Amino acid sequence: ESVLVYLDRSGGLQKLADDCPQQTEAVYRFRVLVNPSDLIEMDPRLGDCVLHDPLRATGLFQSVCFLAIKTLSLTDKIHTASQVNVSLNFTHLPPFPEYTLDLSGFHQVYGPMRPVSMEGAVIAITRVMKYTQGARFLCTDDDCPGSTGFHHIRVHTPGATESATVRNDFSCMICSSQLREDVKFRVLGKQLVELIHVGALDVLRGRQESSFRYQSVTLFLRELCHSMTIGRLYRVVGIPVLVHQWPSITWSMEANSVQPWEPHFLELSECVASSPWRFPAIVAHCFGLDLTPPGLYNTLKLCLLLSLVQTRTDANDPSLDLLVVTVDTLVLDLMAYSLSLACRGVRHQASAEMFASLSRDEHGAGTANIHAGSALLASGGICMLGDLGFYRKDKLDNIQSLESRFVSVFIPGKKYGEEADQQLSFPVQCNFWALTDSSQRSGRADSAVLGTADMGPVQAQLAETFGLVIQGGDRVGERGVVAQAVHTLQQTVQPGSHPHPSCWDFSTEDYQELVAHSRGLEVELSPDAKKLIHGYYMASRRARTQSQGVKISLASIKLISLAEAHCKLCLRTKVLEEDAVIAVLLCENSVTLKHASALVIPPDAVFPCDLGDVDGLQRRDAALDELHQIILRFVYTFAPGADAYITEE
């Protein structure tokens, strides 16, 4: 009675009535959405049964659904209760430790076979395989009533193998004759996923030094095929099961419900600023104070923050990759520190797999298991490549081929038990950070066409793959070197202290919350920002083509992506012309490292003066206003009326 009342209140009966006419198979599958909170409030005994004995609860819902179908005459194709295959899908589980999967304390043999939840990242996935969810059997004796109708229906239950559902040695329950399967009534579909605990993300960042080790969990997706993507984060509710594959027994989880999951942070309190340029300047100025004194590497810090907030898992969102040209090893430490602020951060090793690798599945499925490499594990975050000088040529060629933002995986059919070869494509949805040591000569002479700065061992074509190339730490100067030395000694003697007086004080947690909030903002370009961006793009192409014969590809400059990221860092949703100015200055400095400059601006145009006080912010605003006018004059000179013919061009 309680099951019937719950189905009526929750809309389950109406869904049953709507689904019945659309079902055409021998086994009718109905998904019932179960809210444990509502169920326990209505009937505590039923709620306890659903949470702690899901197989018995499924049988109760199955009998009620069958009686409802027959009583309401919803379809004339269902004759027995075994034709009704009910799946109870949980909206959530109670927020108590008993319902959270912790492998360190969960007994994999004698542990309870009840629903548990887990948050984690997908590190491996298989293709969708043939698997029998339900089958109809007929008696071989034509005179037996079991030779027709739906007397013998077998459906999959959690923990069962393929042979438990489909075999050739089943006997008729009426006359004990052998049964044969009616193949045309099969229901197929299965996928295996490897999920690792969300705590392992700290290990992937390369910053965890504890002795913890993380073990992945194998998930069986049945009716939830294609609901998970490699490299993404999910909250999964599943039932632990023991799968018997003679002579071994393997432990895994039957997925019950899957929801995309992102960590939640509190919003950072808004900082009052009278200029659209000031808040990001303050944030960059005070960034990474455990490593550098305020004021050093400001352009690099701002670019790292812009890349952090421009990380999304939407395939339509533009990427913002960074290549830093420097001789300063401290830049690598600053990048590693910034990686800890990313919602997903993976520190890639030069010898590790960057994209994907194959292995044979160990659960008896006889298919290929596709293991995620660093780039796929970093989906929606940052993949830090480190110093490109340690990479072999074939690895660098792989990086260079990433402009399409897709990686292809070839699966040889003969090796993995398939009739034909397969090729699968996976989207690469992360930003890449890399460093090249400019002190390592590349063996080529610099020229205006190839660039005005030496890229070290990185070829010009590879540098074009990165949306933003910046020079980090090479113009610090003698005063900066002394300030950095004093800061390093101070941190050695008194770790965590900040001897530099400042009216702004942001903790690492504040930066984490800022990045988490900013990356979730949906922004749109204003007409003025569009005009400036398109005008600069057209003027830059024409000026360089006329003077140097160099054509700049749209992929080599990330104007819109930079402007959107600066807008997000300002905690706004409308991209202003001032955001476009910062994007133009950063892009111009980046392009200047690869091609001769067409727009004459200072090397550190985004931070032309010290920001140690409020007067410094005012001086910076004045300098950026002047640079804004220089950009407009450049646009009007080389691309007059750009907003009128940008579509035609």
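The model shown is predicted, which means the values in this text are computed figures rather than measured ones. (Residues numbered from 1 in each chain as written. Predicted model: local features only at pLDDT ≥ 70, side-chain atom pairs only at ≥ 80, totals over all residues. Heavy atoms only, no water.)

A. Looking closely at the overall build of the chain. When its secondary structure is counted, the chain shows 20 helices and 20 strands. Counting all 649 residues of the chain, 52% fall into the buried class. Nonlocal contacts in the chain, meaning residues at least 24 apart in sequence, comprise 73% of its contacts between residues at least 6 apart. As presented, the chain carries roughly 29,800 Å² of accessible surface, and 52% of it is formed by carbon and sulfur atoms. (Helix = DSSP H or I, 4+ residues; strand = E, 2+ residues; numbered from the N terminus. Buried < 20%, exposed > 50% of the residue type's maximum accessible area, 1.4 Å probe, protein only. Contact = heavy atoms within 4.5 Å. Areas by Shrake-Rupley, 256 points an atom, 1.4 Å probe, with all protein chains shown as cover.)

B. View of the pairing of strand E15 (residues 406–411). Only one face of E15 is covered, namely the face carrying Val-407, Val-409 and Ile-411; the face carrying Phe-406, Ser-408 and Phe-410 is uncovered. The pairing of E15 with strand E16 (residues 422–427) spans six bridges and is classified as antiparallel. Note that in E16 the partner of Ser-408 across the bridge is Ser-425. (Pairing = 2+ DSSP bridges.)

C. A look at the sheet that holds strand E11 (residues 345–347). Overall, parallel pairing links the five strands, which are arranged E11-E14-E17-E10-E18 in an open sheet. The open sheet has two edge strands with one neighbour each: E11 and strand E18 (468–471). Pairwise comparison of adjacent strand axes, ignoring direction, gives a mean angle of 20° for this sheet. Note that strand E10 (residues 322–326) and strand E17 (residues 431–437) share five bridges and pair parallel. Across the sheet, the residue bridging to Val-325 is Thr-436, located in E17. (Axes fitted to C-alpha atoms, helices over the stretch in contact; angles between N-to-C directions.)

D. Local environment of the pattern of salt bridges. For the coordinates displayed, the defined rule picks out eight salt bridges. Here Arg-278 ties to Asp-621 by a salt bridge, and the two come within 2.7 Å at their closest N and O atoms. Of this pair, Arg-278 sits in helix H8 (residues 278–285) while Asp-621 sits in helix H19 (residues 614–638), and the two are 343 residues apart along the sequence. Judged by relative accessible area, which is 14%, Arg-278 ranks as buried. Taking the relative accessible area as the measure of exposure, Asp-621 reaches 9% and is therefore buried. (Salt bridge = Lys/Arg side-chain N within 4 Å of Asp/Glu carboxyl O.)

E. Representation of helix H1 (residues 2–10) in the model. Looking at H1, one finds that the buried residues are Val-3, Tyr-6 and Leu-7. The buried residues of H1 occupy one face: seen down the axis, they fall within an arc of 100°. Residues Asp-8 and Arg-9 are exposed on H1 and point more than 90 degrees away from its buried face. Buried residues in H1 make contact with helix H2 (12–19), strand E1 (28–34), helix H3 (36–42), helix H4 (44–52) and helix H5 (54–72). Phi turns positive one or two residues past the end of H1, at Gly-11, with a value near 85°. (Arc of directions from axis to C-beta.)

F. Main features of the packing of H1 against H5. Following both chains from N to C, one finds H1 and H5 inclined at 70°, their axes separated by 9 Å at the closest point. Looking at the two axes, H1 sits roughly perpendicular to H5. Where H1 approaches H5, its residues Val-3, Leu-4, Tyr-6 and Leu-7 are matched on the opposing element by Leu-60, Phe-61, Val-64 and Cys-65. For the contact of H1 with H5, the class distribution of residues is eight nonpolar, no polar and no charged. (Parallel < 35°, antiparallel > 145°, perpendicular 65-115°, else oblique. Nonpolar A, V, L, I, M, F, W, Y, C, P; charged D, E, K, R; others polar.)

G. Summary view of the packing of helix H9 (residues 298–309) against helix H15 (residues 508–519). For the pair H9 and H15, interaxial distance at closest approach is 8 Å and the crossing angle is 50°. It follows that H9 is oblique to H15 by the angle criterion. Across the interface between the two elements, Leu-305, Leu-308 and Val-309 from H9 touch Tyr-511, Val-515, Ser-518 and Arg-519 from H15. Taken together, the residues of the contact of H9 with H15 break down into five nonpolar, one polar and one charged.

H. Up close: unusual backbone geometry. If you check the backbone angles, Ser-176 has positive phi at about 70° while not being a glycine. Ser-176 sits in the exposed class, given a relative accessible area of 57%. Its identity is not glycine, yet Tyr-297 carries a phi of approximately 60°, on the positive side. Looking at where Tyr-297 falls in the secondary structure, it is placed in the loop between H8 and H9.

I. Representation of the side chain of Asn-589 in the model. Relative to the assigned elements, Asn-589 resides in helix H18 (residues 577–594). Those residues in contact with Asn-589 that lie beyond four places of it in its chain are Val-469, Ile-601, Pro-602, Pro-603 and Ala-605.

J. Fine view of the confidence of the model for the chain. Per-residue pLDDT for the chain has a mean of 77; in total, 74% of the residues score no lower than 70. Note on residues 264–273: pLDDT is under 50 here. Beyond four places in sequence and across chains, it has 15 contacts. (pLDDT = per-residue confidence, 0-100.)

K. Representation of the packing of aromatic side chains. All told, the structure shown has four aromatic pairs when counted by the stated rule. Ring centres of Tyr-536 and Phe-634 lie 6.2 Å apart, and the angle between their planes is 45°; this geometry places the pair in the tilted category. With a gap of 98 residues between them, Tyr-536 in helix H16 (residues 527–548) and Phe-634 in helix H19 connect regions that are remote in the sequence. For the residue pair Tyr-536 and Phe-634, the accessibility class agrees, reading buried in each case. When the ring of Phe-634 is compared with that of Phe-638, the centres are 5.1 Å apart and the planes differ by 50°; the resulting orientation is tilted. Placement of the pair is Phe-634 and Phe-638 together in helix H19, with a separation of four residues, close to one helical turn. Judged by relative accessible area, which is 5%, Phe-634 ranks as buried. One aromatic cluster is present, formed by Phe-287, Tyr-337 and Tyr-511 through successive ring pairs. Looking at Arg-620, its charged tip hangs above the ring of Phe-607, at a distance of 4.7 Å from the centre. (Phe/Tyr/Trp six-rings, centres within 6.5 Å; stacked < 30°, edge-to-face > 60°. Lys NZ or Arg CZ within 6 Å of the ring centre and 35° of its normal.)

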